[in-house]
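Here is what each chain is made of, one letter per residue.
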Amino acid sequence: MLQDAEEISLKVDVSVLKEKVNTLTILCDKIDRVIEKLADNQLDLAGQIYQDMDKRKEQTVSDIKELHSRITTTDRNLSDKIELTERRIMDEIKSLRECIDAHNSKEAEDMKKLSQWKWMVVGGVIAVSWLITNVKLESLGKLFGN
């Protein structure tokens, strides 16, 4: 009997151990599935991170191209405005030069007329002086009817 009780006890222990081993096997399978899911999720996250990095790199390249285009456009606009301003300044200088030349020409002509008038007056004074010194006043009186 003792042997039967030991045998039964041993069988019960073996059954309990089998049950615990089955439970541990189920738990290990579940843990394996969780680890596989975590690994898959980590791969998915790493893939997403690389995709996001690629998108940001493309966006950065696009932004740099846009910025370069804007700089080029601004440079062209400024060059055009500078050239236009330079043309306007040169036109104003030319106009000013023409005005100065016209003024100088008019002033030279006025000076020429003034010089001619001065010499005419000097000539007249000389003629009158000559007449006064060389012609007798009585004969002039007779000439003009006195």
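Residues numbered from 1 in each chain as written. Predicted model: local features only at pLDDT ≥ 70, side-chain atom pairs only at ≥ 80, totals over all residues. Heavy atoms only, no water.

Would you mind showing me how to read the overall build of the protein here?
Counting its regular elements, the protein contains two helices and zero strands. For a compact globule of 146 residues, the expected C-alpha radius of gyration is about 15 Å, and the protein comes in at 61 Å, more than 25% above that figure. C-alpha atoms of the protein, sized along the principal axes, occupy 200 × 20 × 20 Å. With 146 residues in all, the protein has 0% of them scored as buried. On the protein, the mean spot of the 23 positive side-chain charges and the mean spot of the 27 negative ones are 15 Å from each other. (Helix = DSSP H or I, 4+ residues; strand = E, 2+ residues; numbered from the N terminus. Rg over C-alpha atoms; globule rule 2.2 N^0.38 Å. Buried < 20%, exposed > 50% of the residue type's maximum accessible area, 1.4 Å probe, protein only. Lys, Arg positive; Asp, Glu negative; His and termini not counted. Charge placed at Lys NZ, Arg CZ, Asp CG, Glu CD.)

When you look at the environment of S69 in this model, what are you seeing that I'm missing?
Positionally, S69 belongs in helix 1 (residues 2–134). A C-alpha to C-alpha distance of 41 Å links S69 and N41, two positions 28 residues apart in sequence.

Just checking my understanding: could you explain a nonpolar patch on the surface for this structure?
A surface patch of nonpolar side chains, about 530 Å² in accessible area, is lined by M111, L114, W117, V121 and V125. By relative accessible area, M111 is classed as exposed at 52%. (Patch = residues over 30% accessible without salt bridge, like charges linked within 9 Å, V, L, I, M, F, W, Y side chains within 5 Å. Areas by Shrake-Rupley, 256 points an atom, 1.4 Å probe, with all protein chains shown as cover. Salt bridge = Lys/Arg side-chain N within 4 Å of Asp/Glu carboxyl O.)

Where do I start with the environment of L143 in this structure?
Counting through the fold element by element, L143 comes out in helix 2 (residues 137–143). The class for L143 is exposed, based on a relative accessible area of 63%. Between the C-alpha atom of L143 and that of T133, which follows or precedes it by 10 residues, the distance is 17 Å.

Would you take a moment to explain a negative patch on the surface for this structure?
Taken together, the side chains of D29, D32, E36, D40 and D44 present a region of like negative charge at the surface. Tracing the backbone through its elements, the reader meets D40 in helix 1.

Would you mind going over the pattern of salt bridges with me for this structure?
Side-chain pairing between opposite charges can occur once the charged atoms of the two side chains come close. In total, this model carries five salt bridges according to the counting rule given. When the shortest N-O distance is used, the salt bridge between E66 and R70 registers 3.1 Å. Remark: R70 and E66 occur in helix 1; sequence separation between them is four residues, near one turn of the helix. Accessibility expressed as a relative area gives 41% for E66, which makes it partly exposed. The salt bridge partner of R87 is E83, with a shortest N-O separation of 2.7 Å. Remark: E83 and R87 occur in helix 1; sequence separation between them is four residues, near one turn of the helix. Residue E83 is classed as partly exposed on the basis of its relative accessible area, which comes to 41%.

What exactly am I supposed to notice about the environment of W117 here?
Residue position: W117 is located in helix 1. For the pair W117 and K30, spaced 87 residues apart in sequence, the C-alpha to C-alpha distance is 128 Å.

Purely geometric stuff here, so don't read any function into it on its own.
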